Amino acid sequence: MTSFRLAYVPGATPAKWVRTWGERQPDVPLELVPVAAADATELIRSRGADAALLRSPIDRDGLHAIPLYTETTVVVVPKDHLIAAADEVSTTDLADDVVLHPLDDTIEWPALPGRPAIERPETTADAIELVAAGVGVLVVPQSLARLHHRRDLTYRTVADAPQSSVALSWPEDETSELMETFIGIVRGRTVNSTRGRQQQPAAPAEKKRPERKPPAPKKPAARRAGGGAPKRGKPRRKS
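Parameters at a glance
- Residues numbered from 1 in each chain as written.
- Predicted model: local features only at pLDDT ≥ 70, side-chain atom pairs only at ≥ 80, totals over all residues.
- Heavy atoms only, no water.
- Axes fitted to C-alpha atoms, helices over the stretch in contact; angles between N-to-C directions.
- Helix = DSSP H or I, 4+ residues; strand = E, 2+ residues; numbered from the N terminus.
- Parallel < 35°, antiparallel > 145°, perpendicular 65-115°, else oblique.
- Left-handed = near helix turned anticlockwise from the far one by under 90°.
- Contact = heavy atoms within 4.5 Å.
- Nonpolar A, V, L, I, M, F, W, Y, C, P; charged D, E, K, R; others polar.
- Polar contact = N/O pair within 3.5 Å; in protein donor to acceptor, adjacent residues only side chain to side chain.
- Pairing = 2+ DSSP bridges.
- Core = buried A, V, L, I, M, F, W, Y, C linked by side-chain atoms within 4.5 Å.
- Buried < 20%, exposed > 50% of the residue type's maximum accessible area, 1.4 Å probe, protein only.
- 1 Å grid on protein atoms, 1.4 Å probe; cavity = no way out; pocket = protein on both sides within 12 Å on 5 of 7 lines; lining within 4 Å.
- Points joined across faces, edges and corners; volume = space filled by probe spheres on them.
- Salt bridge = Lys/Arg side-chain N within 4 Å of Asp/Glu carboxyl O.

Colleague: I would appreciate a short explanation of the packing of helix α1 (residues 15-24) against helix α5 (residues 177-186) in the present structure.
Modeller: Working note: a packed helix pair is described by the angle between its axes plus the distance between those axes. The interhelical angle for the contact between α1 and α5, taken along N-to-C directions, is 130 degrees, at an axis separation of 10 Å. Here α5 runs oblique to α1, going by the angle between their axes. Remark: the crossing between α1 and α5 carries right-handed chirality. Touching W17, T20, W21 and R24 of α1 are L178, T181, F182, I185 and V186, all from α5. Among the residues forming the contact of α1 with α5, the class breakdown is six nonpolar, two polar and one charged.

This is the structure we're talking about:
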């Protein structure tokens, strides 16, 4: 059976598009494929998935990418940390903290805030464990803070931190009807939209025969004043 395989990195939320796909393509299953952020582009190139929801930065060699949304950046801290008392912080507020920088970090930093850790955690999940142990704090997209939620941790917005965006990516040579359908869904096109699809030529209009007008009714003979039938002339007398 034909299916459409959509990969997604941790924290990406494809649920609303999956529901729309089910309404428009009920006979074609959409398979969700979880993938690590570092492996997403290679998975598409190897045709392990038809498309992927992934975070910037994206190696776009041979790939298309449509930006979908940008996430708020937050700092994850223990609940008893001083930062937890604020509604919002800046990168300068992190100057005295050890800021963990995992190897799968997707935020592009011009300069890392805070003090560097002795080692870089391998994954964001590992970094969360170190935050819980009091080793340091972690700056991540908000969806990842929610994904790795713990009761002993909280997070606050970092107003001046770089932001991470989520995009839909697929191979440049992929032009199938299913791919066009999914692109239309994430772009918010309606089901009747023909944008991105090859339109069928319109059938020639059938020529209509000209309608014949019914003959006009005959007017009755004019009647003389006074009424009655018209008088006949007198017959001639024979000589």
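Colleague: I tried to follow the side chain of H81 on my own but got confused; where do I start?
Modeller: Looking at the element boundaries, H81 is found in the loop between β5 (73-78) and β6 (88-89). Of the polar contacts made by the side chain of H81, one reaches the backbone nitrogen of I83; its length is 3.0 Å. Apart from the residues within four sequence positions on either side, H81 is in contact with D97 and V137.

Colleague: Please clarify how the sheet that holds β5 should be interpreted in this entry.
Modeller: As a general point, the strands of a sheet are linked pairwise by backbone hydrogen bonds and lie either parallel or antiparallel. Taken in spatial order, the six strands line up as β6-β10-β5-β9-β7-β8 in an open sheet, and their pairing is mixed. Every other strand in the sheet has two partners, leaving β6 and β8 (115-116) as the edge strands with one partner each. Across two bridges, the pairing between strand β7 (residues 98-100) and β8 is parallel. Among the inter-strand pairings, V99 is bridged to a residue of β8, identified as P116. The strands touched by helix α3 (residues 124-132) within the sheet are β5, β7, β9 (137-141) and β10 (153-158), with β9 carrying the most contacts at an inclination of about 140 degrees.

Colleague: Can you walk me through the nonpolar core in this structure?
Modeller: Taken as a class, soluble globular proteins show a tendency for nonpolar side chains to be buried jointly. Of all hydrophobic cores here, the largest spans 28 residues; its most connected members are F4, L6, W21, L168 and F182. Of all the elements in the fold, those that place two or more residues in this core are β1 (4-8), α1, β2 (30-34), α2 (40-45), β3 (51-55), β4 (63-70), β11 (165-171) and α5. The greatest single-element share of this core, amounting to six residues, is contributed by α5. Once residues lying within four places of it in the same chain are set aside, the contact partners of F182 are F4, L6, W17, W21, L30 and L168.

Colleague: Looking at this structure, I do not really get empty space enclosed by the protein. What am I missing?
Modeller: A water-sized probe rolled over the atoms picks out the places where empty space is left. Enumeration according to the criterion identifies two cavities of 30 Å³ or more in this entry. Reported here for the largest cavity is a volume of approximately 60 Å³. Considering the residues around the largest cavity, the lining is formed by V76, I128, A145, H148, H149, R150, L153, T154 and Y155. The greatest single-element share of the lining of the largest cavity, amounting to three residues, is contributed by β10. Its residues assigned to classes, the lining of the largest cavity comprises five nonpolar, three polar and one charged.

Colleague: Is there a simple way to think about the environment of A52 in this case?
Modeller: Structurally, A52 is set in strand β3. Judged by relative accessible area, A52 falls into the buried class, the value being 0%. Here the alpha-carbon distance between A52 and T41, two residues 11 residues apart in the chain, equals 7.8 Å. What A52 contacts, discounting residues up to four positions off in sequence, is L6, A7, I44, A167, L168 and S169.

Colleague: Would you explain the side chain of T106 in this entry?
Modeller: Relative to the helices and strands, T106 is located in the loop between β7 and β8. Excluding anything up to four places from it in sequence, T106 contacts A37, R55, S56, P57, P141 and S164.

Colleague: What is the right way to read the layout of surface pockets from this model?
Modeller: The computed volume of the largest pocket comes to approximately 270 Å³. As for the largest pocket, its lining consists of 19 residues, of which P10, A37, D104, T123 and T124 are closest to the centre. The class makeup of the residues in the lining of the largest pocket is 10 nonpolar, four polar and five charged. Taken as a whole, the second largest pocket spans an internal volume of roughly 200 Å³. A37, A38, R55, P57 and T106 are, among the 15 residues lining the second largest pocket, the residues nearest its centre. Looking at the lining of the second largest pocket, the elements with two or more residues in it are α2 and β3. Grouping the constituent residues of the lining of the second largest pocket by class yields eight nonpolar, three polar and four charged.

Colleague: Explain the pattern of salt bridges here, please?
Modeller: Side-chain pairs of opposite charge can arise whenever the charged atoms involved come near each other. Overall, the coordinates contain seven salt bridges when judged by the stated rule. One salt bridge connects D59 with R45, and the closest N-O pair in it is separated by 3.5 Å. Residue D59 is located in the loop between β3 and β4, and its partner R45 is located in helix α2; the two are separated by 14 residues in the primary sequence. Using a relative accessible area of 47% as the deciding quantity, one classes D59 as partly exposed. R47 is the salt-bridge partner of E174, the closest N and O atoms lying 3.6 Å from each other. Residue E174 is found in the loop between β11 and α5, and its partner R47 is found in the loop between α2 and β3; the two are separated by 127 residues along the sequence. The buried category is assigned to E174, whose relative accessible area is 18%. When its relative accessible area of 44% is taken as the criterion, R47 is described as partly exposed.

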